[in-house]
Amino acid sequence: MDLPTPPTLVTIDKISPSFYNAGLICKAKAAWQKFGARQSVPASTGSILGSCLHAVMERSNRGGISLGREGVEQAKTVFDEEARRRFAKAHPLIQAKFVSPEKMPFYFQRRARAAALAIQTSAEGVPRTPTPPQGVAAPRTIGGKPSRLIEQSLSSRNGVITGRIDLLDSLAGKVTDYKSGQAPRNLQTGLAENEIRQLCLYVHLALENGHNVTRAAITREDGSEYEIQISAAQATTEAEAAKVLMEEFNELVAGGCSFSSLANPSAKHCAGCPCIPFCEPFWKSAQPDWEELCGANIEGDISETRDATVAGATLKTLILNCRQGSTIRGQLVVEQIPLQWLSLGSRVPVVGDSVRVVLAARSTRDPLTRVLQVDRIKSTTIWNLSSASAQQ
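To start, this report covers the structure provided alongside it. A quick note: this is a predicted structure, and the numbers were derived from the prediction, not measured.

**Let's talk about the overall build of the protein**
Moving on, step 1. Secondary structure summary: the protein contains 14 helices and 13 strands in total.
Moving on, step 2. In terms of overall size, the protein behaves like a compact globule, its C-alpha atoms giving a radius of gyration of 23 Å where 392 residues would be expected to give roughly 21 Å.
Moving on, step 3. Judged by the C-alpha coordinates and their principal axes, the protein covers about 70 × 55 × 40 Å.
Moving on, step 4. Per-residue burial for the protein yields a buried fraction of 51% across its 392 residues.
Moving on, step 5. Contacts spanning at least 24 positions in sequence make up 66% of the contacts within the protein whose residues lie at least 6 apart.

Written out as structure tokens, the structure reads:
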């Protein structure tokens, strides 16, 4: 595939919880989330299925999921429809790897969990209607305002803080955010620091819009919920910190900083970052001992290629001279790459080309092994630096 282009930076006049959390770690990552051509980098299948969970919970909170077996089937239908919609818009590599959304890892497990959580929510007394109108909150009010806001975008009174809250229940004095995946381990509250910051900003937005909220919770797809109390003072303090970060970002951008100059690479900061393929500071800084957190990421020149055919599919093996990345240097072999994956860019990599292999999988647990493979679940990608240079 051809290497994505880093985004052009401009100043911002509002900040979201996601930009804030990303910016505390790496302002370049925050800039990519805000301004980058995100469709040029394959999303993880986990994020796609996470969006399906949110679609199911939105329908449930609007009263559109019945109890019992009927509700389970309704939830599965919502999940399937959202999965098909997301898959149709997904990066071509995702479509090449999985053919259909049902082929994505853990699809049916994730769907079953979403359905179970939706039924749990319905059983807790959410008003149910056969076909709830889109965009209409449940018919309860406090002082003329809807008491339940679902997937609602809110702004602070000064317009600086913005966010989209999954569920705001004024009667319960509570905001809830739904998360896919497992809870972070070894945390007393069951919440990561970035999740607490997000909840603080949601409470701030609720208070700024006249909703008396002091409780905030993360509900995970396995049905577990982690709730904390957040005071108005805590919420305001977090909002002020987010405003400061926005001002710092704007000052840097106004001063002419580029995407690369905003990067803050480290093994911890770069773990799971979508910017790795095109983030030059990552490649200049990464060391072999980063592999434990960041995975095996290789930049090198192709010295040899080998072809094989398995079950009618052409597979390529690349022999690389690794010069930098989060793995050992020297000659490495990346084997069993489907030709279809390599054909998605402007041209298939050949001997002499420079490539980046992101999130390769080791054929053994030995970190010194020089044979690696591609992995559908790890979302391995191969980027042709030579084709990018040829286009410049």
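**Some remarks on unusual backbone geometry**
Moving on, step 1. The phi dihedral of Ala311 falls on the positive side, at around 55°, and the residue is not glycine.
Moving on, step 2. Secondary-structure assignment places Ala311 in the loop between β8 (296–310) and β9 (313–325).
Moving on, step 3. Backbone geometry places Leu359, a non-glycine residue, at a positive phi of 60°.
Moving on, step 4. With respect to the helices and strands, the residue Leu359 is situated in strand β11 (residues 354–362).

**Structural notes on the side chain of Asp353**
Moving on, step 1. Positionally, Asp353 belongs in the loop between α13 (339–342) and β11.
Moving on, step 2. Under the relative-accessibility criterion, Asp353 is labelled buried at 6%.

**Concerning the pattern of salt bridges**
Moving on, step 1. Evaluation of the coordinates by the stated rule reveals 25 salt bridges.
Moving on, step 2. A salt bridge links Arg69 to Glu73, with the nearest nitrogen and oxygen atoms 2.6 Å apart. Note that Arg69 and Glu73 are positioned in helix α4 (residues 68–88) at a spacing of four residues, about one turn of the helix.
Moving on, step 3. On the accessibility criterion, Arg69 (54% relative accessible area) is exposed.
Moving on, step 4. The exposure class of Glu73 is partly exposed, given its relative accessible area of 36%.
Moving on, step 5. Ionic pairing is found between Glu299 and Arg323, a salt bridge with its closest N-O pair at 3.0 Å. Of this pair, Glu299 sits in strand β8 while Arg323 sits in strand β9, placing them 24 residues apart in sequence.
Moving on, step 6. Note on Glu299: relative accessible area 5%, which makes it buried.

**Things to note about the side chain of Thr369**
Moving on, step 1. Within the fold, Thr369 resides in the loop between β11 and β12 (371–373).
Moving on, step 2. In terms of polar contacts, Thr369 uses its side chain to reach the backbone amide nitrogen of Val371, at 3.5 Å.

Conventions and cut-offs
- Residues numbered from 1 in each chain as written.
- Predicted model: local features only at pLDDT ≥ 70, side-chain atom pairs only at ≥ 80, totals over all residues.
- Heavy atoms only, no water.
- Helix = DSSP H or I, 4+ residues; strand = E, 2+ residues; numbered from the N terminus.
- Rg over C-alpha atoms; globule rule 2.2 N^0.38 Å.
- Buried < 20%, exposed > 50% of the residue type's maximum accessible area, 1.4 Å probe, protein only.
- Contact = heavy atoms within 4.5 Å.
- Salt bridge = Lys/Arg side-chain N within 4 Å of Asp/Glu carboxyl O.
- Polar contact = N/O pair within 3.5 Å; in protein donor to acceptor, adjacent residues only side chain to side chain.

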